[in-house]
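Chain residues, written in single-letter form:
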Amino acid sequence: MNYIEIANKIFFIPGEKDGRYPASNSLFIDDEIKVLIDTGMGPKLAAELAKEKKIDLVLISHGHEDHIACNYFFEAAKICCHKLDAPAIRSVEKLTELYGLPPGTELEKSIDLYLRDFFGLKDSRVDLEFGNGYVFDLGSIKLNVVHTPGHSAGHCCFSVPSERLIFLADIDLSTFGPWYGCMDSDVDQFITSIENIKGLDFEVAISSHKPITYGRETINEKLDVYLNKIFEREKKLIDFLSEGRTIQEIVPQAFIYKKFPEPKGIYEHFEKIMIEKHLERLVRKNLVTRTNGSFKSLR
Ligand SMILES: [Zn+2]
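Residues numbered from 1 in each chain as written. Predicted model: local features only at pLDDT ≥ 70, side-chain atom pairs only at ≥ 80, totals over all residues. Heavy atoms only, no water.

So, the coordination of the zinc ion
Thought 1: Bound to the zinc ion on the protein side are His62 (NE2), His64 (ND1), His151 (NE2) and Asp170 (OD), at distances that span 2.1 to 2.3 Å.
Thought 2: Ordering the donors of the zinc ion by residue number gives the pattern H-x1-H-x86-H-x18-D. Residue His64 is found in the loop between strand E5 (57–59) and helix H2 (65–68), and its partner Asp170 is found in the loop between strand E11 (165–169) and helix H6 (187–198); the two are separated by 106 residues along the sequence. (Donors = N, O, S within 2.8 Å, 3.2 Å for Na, K, Ca; no water. Helix = DSSP H or I, 4+ residues; strand = E, 2+ residues; numbered from the N terminus.)

A few points about the sheet that holds strand E15 (residues 288–291)
Thought 1: If you trace the three strands from one edge of the open sheet to the other, you get E14-E16-E15, paired in antiparallel fashion. Edge positions in the open sheet fall to strand E14 (245–246) and E15, since each of these has one partner strand only.
Thought 2: Pairing geometry for E14 and strand E16 (residues 294–297), over two bridges, is antiparallel. Across the sheet, the residue bridging to Arg245 is Phe295, located in E16. (Pairing = 2+ DSSP bridges.)

A look at the domain arrangement of the protein
Thought 1: For the protein, the domain assignment lists domain 1 (4–228) and domain 2 (241–297).
Thought 2: Between domain 1 and domain 2, the C-alpha centre-to-centre distance is 28 Å.
Thought 3: Taken together, the contact between domain 1 and domain 2 spans 17 residues of the former and twelve residues of the latter.
Thought 4: Here domain 1 packs against domain 2, burying approximately 1,300 Å² in sum over the two surfaces, 66% of which is carbon and sulfur.
Thought 5: Broken down residue by residue, the surface that domain 1 buries against domain 2 is led by Phe176, Tyr180 and Asp188, which jointly contribute 35%.
Thought 6: Taken together, domain 1 and domain 2 are joined by two salt bridges.
Thought 7: Put simply, Asp188 and Arg281 hold a salt bridge, and the shortest N to O gap is 2.8 Å.
Thought 8: Summed over the shared surface of domain 1 and domain 2, the number is eight residue pairs in polar contact (both at pLDDT 80 or more).
Thought 9: Among the elements of the structure, helix H5 (106–118) and H6 are those that each provide at least two residues to the side of domain 1 that touches domain 2. (Domains from an automatic or database assignment. Contact = heavy atoms within 4.5 Å. Buried area = accessible area lost by both parts, 1.4 Å probe. Salt bridge = Lys/Arg side-chain N within 4 Å of Asp/Glu carboxyl O. Polar contact = N/O pair within 3.5 Å; in protein donor to acceptor, adjacent residues only side chain to side chain.)

Structure, rendered in structure tokens:
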């Protein structure tokens with residue numbers, strides 16, 4: 001088992017394939033109370049960890065499959081998450097609903113099968129629901145919950161102020177940029193959450209899917225690049241809407257995915273959800289008008 005000590009009693013556990021989806025990175029805190037943040041490292045690693053360490057608390061950053069898939073390995077631990085993401089963690093059916101696929105379609109069936117068969121995702125216990133500012137006193141370390149909605153309604157980061165360290169979860173600093181393709185995702189909240197994180201003072205940032213970032217300036221630069229992806233997407237969209245366009249015309253432009261991976265139908269669906277969220281935001285800001293099914297920029 002590869003425990004990488006990054007601060008006193010705090011260990012980074014890289015997920016399978018360097019934490020790339022469908023896996024994710026975890027953090028292990030070896031204090032009087034032993035904590036694991038997220039269980040998406042992959043079943044082999046999770047089984048090893050459960051054998052080697054007596055985990056008291058499993059903290060879940062949010063209710064997506066790649067962060068909760070191995071909850072069931074930690075039977076003796078209390079499973080904790082933000083109250084808004086608890087329903088999706090307790091029920092695979094609820095998580096499927098959040099993906100917003102048209103009910104009764106092949107796509108909906110395929111995502112349910114994917115979650116249950118490929119991920120082996122099961123309904124999970126949730127023993128404690130927390131909110132923003134909740135503090136876990138682990139003995140010598142205090143761990144704070146920072147509610148950062150946008151990616152999901154209950155998405156949270158976890159900070160250890162004494163070590164100037166933060167677990168950013170799916171504010172993941174990837175080159176893809178922010179992902180807001182679920183029904184409970186929100187672009188405005190995502191922007192505010194990134195800005196809030198930038199206002200805090202950290203020297204070490206752990207992303208769920210990328211290597212560790214060190215240094216306040218570097219962390220803030222990466223957060224800026226990441227945040228700007230949202231505005232770059234929006235600019236392309238506004239330019240394309242110089243003539244009136246329908247959703248059906250916008251989605252194939254793949255402003256967000258650039259190229260749809262397989263299975264294409266699913267990623268086109270995510271593109272559509274994300275574009276719709278941008279359009280709602282632009283209409284609200286009076287930058288775009290909607291007439292019947294057609295969107296046009298007002299410039
Ligand atoms: Zn996620």
